[in-house]
Amino acid sequence: MRKEVVLVTGASGEMGQALIQRLSASGVRNILALDVRPLPDEIRKHCPYSITGDLLDDKLMDRLVSEFSIPRIFHLAALLSTRAEFTPEAAHRVNVDGTLGLLKLAVDQAMWLGQPVKFIFPSSIAVYGLPDLATKARAGAVREHEWNIPTTMYGCNKLYAEHLGRYYAHHYRQLAAERPQHTVDFRAIRFPGLISAFTVPSGGTSDYGPEMLHAAARGEPYACFVREDTTMPFMAMPDAIKALLMLEAAPQERLTTHAYNVTSFSLSAGDFRGEVLRAFPGAEITFVPDRRRQGIVDSWPVNQDDSRARQDWGWAPDYDLRRAFDEYLVPNIRERYTMPGA
Ligand code: SER
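Caption draft 1: Examining the sheet that holds strand 7 (residues 184–191) more closely. In space, the seven strands of this open sheet follow the order 3-2-1-4-5-7-11, with parallel pairing throughout. Two strands close off the open sheet at either side, each with one partner strand: strand 3 (49–52) and strand 11 (259–261). If you compare each strand with its neighbour and ignore which way they point, the axes differ by 20° on average. Strand contacts of helix 5 (residues 88–113): strand 1 (3–9), strand 4 (68–75), strand 5 (117–124) and strand 7, with the helix running at about 140° to strand 4, the strand carrying the most contacts. Across the sheet, helix 9 (residues 237–249) is in contact with strand 4, strand 5, strand 7 and strand 11; its angle to strand 7 comes to roughly 150°.

Caption draft 2: Layout of the pattern of salt bridges. The tally for this structure, following the rule as stated, stands at 16 salt bridges. Across the salt bridge formed by D185 and R187, the nearest N and O atoms sit 2.9 Å from each other. With respect to burial, D185 and R187 carry one shared label: buried. In this structure, D326 and R322 form a salt bridge, with 2.9 Å as the shortest nitrogen-oxygen distance. In this pair, D326 and R322 are both assigned in helix 13 (residues 321–338), four residues apart and thus about one turn of the helix distant. By relative accessible area, which is 31% here, R322 ends up partly exposed.

Caption draft 3: Broad picture of the site of the ligand. Around the ligand, the neighbouring residues are L80, S81, S124, Y154, G204, T205, S206 and W300. Backbone polar atom of T205 to an oxygen atom of the ligand: 2.6 Å apart, as the coordinates give it. Side-chain polar atom of S206 to a nitrogen atom of the ligand: 2.8 Å apart, as the coordinates give it. About the coverage of the ligand: the protein hides 91% of its 240 Å² of free accessible area. With respect to the pocket detection grid, the ligand is positioned in the largest pocket. Across the shell around the ligand, the residue classes break down as three nonpolar, five polar and no charged.

What counts, and where the lines are drawn
- Residues numbered from 1 in each chain as written.
- Predicted model: local features only at pLDDT ≥ 70, side-chain atom pairs only at ≥ 80, totals over all residues.
- Heavy atoms only, no water.
- Pairing = 2+ DSSP bridges.
- Helix = DSSP H or I, 4+ residues; strand = E, 2+ residues; numbered from the N terminus.
- Axes fitted to C-alpha atoms, helices over the stretch in contact; angles between N-to-C directions.
- Contact = heavy atoms within 4.5 Å.
- Salt bridge = Lys/Arg side-chain N within 4 Å of Asp/Glu carboxyl O.
- Buried < 20%, exposed > 50% of the residue type's maximum accessible area, 1.4 Å probe, protein only.
- Near = heavy atom within 4 Å.
- Polar contact = N/O pair within 3.5 Å; in protein donor to acceptor, adjacent residues only side chain to side chain.
- Areas by Shrake-Rupley, 256 points an atom, 1.4 Å probe, with all protein chains shown as cover.
- 1 Å grid on protein atoms, 1.4 Å probe; cavity = no way out; pocket = protein on both sides within 12 Å on 5 of 7 lines; lining within 4 Å.
- Sits in = over half its atoms within 2 Å of the grid points.
- Nonpolar A, V, L, I, M, F, W, Y, C, P; charged D, E, K, R; others polar.

Geometric values such as these leave the question of function open.
Laid out in structure tokens, this is it:
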């Protein structure tokens, strides 16, 4: 018999690590972790099964099918927005082809299982593209259907992957004489910039926020790569994980779209610096904008309107700006960097 597992791709990434810890704490004992990078030891202990490998490797996908029964998938693996601009075609392979392969795996699994496979997908603020700062200011908090004109490869990939998920969920093989009875139950969340107290992101464009905070806690100077007035929404990692699990648990009949905005607090890079200085008064934080990365954040909205998630599945973040810094980020980061070996 194949072993029943919850598959988490991108398991060694920021969100993967946080999700695995939360799943394990809630009693999930059958996690299959997949990542191109080996799992950190403290994450490995929560995963009875782990594979270091590439989603694009057909043999690996075959192995997943033959060894495991997979009714739940959290597909978190991706190349983020800054990194993707250096290798756009590689990003497309990971972000789109990787997702397509996994959707195919999910419909195969659904056939064996006789039920749809839950497929939870983190999408991003990067699916939005505002043409200039005046429009960004006017647009305010954008709704899901607005400004779907991304300027980055990553944003294009995420937007298209959302549509692939919708297609596999509702229209897969629509001309076949006998359409598969069960496919995927695809649900995506468009996250703002995420900030974890325990890990530092890599390859994203919202990274200036978390990088500023972690540098200050380590006592290192930081040159922020966007202007002081640059504004976008952020969210503390525990809320991001809460959102994934809430959307997964929501009754299907309550859902009115395949991709939901969630948000928590929006602030400028200057105000972010102010928050960091409150906690670490000696921190040396300067602004040395990188014209091109600046351009990416300028194309992202100042906030996302998450009223649909609030209405359909009761979404509300636990951490507003004050709580995020005072109760989650600052105490945990302080502890992290004062621990021996940190
Ligand atoms: N944090 C991501 C990035 O900057 C946005 O989804 O690429």
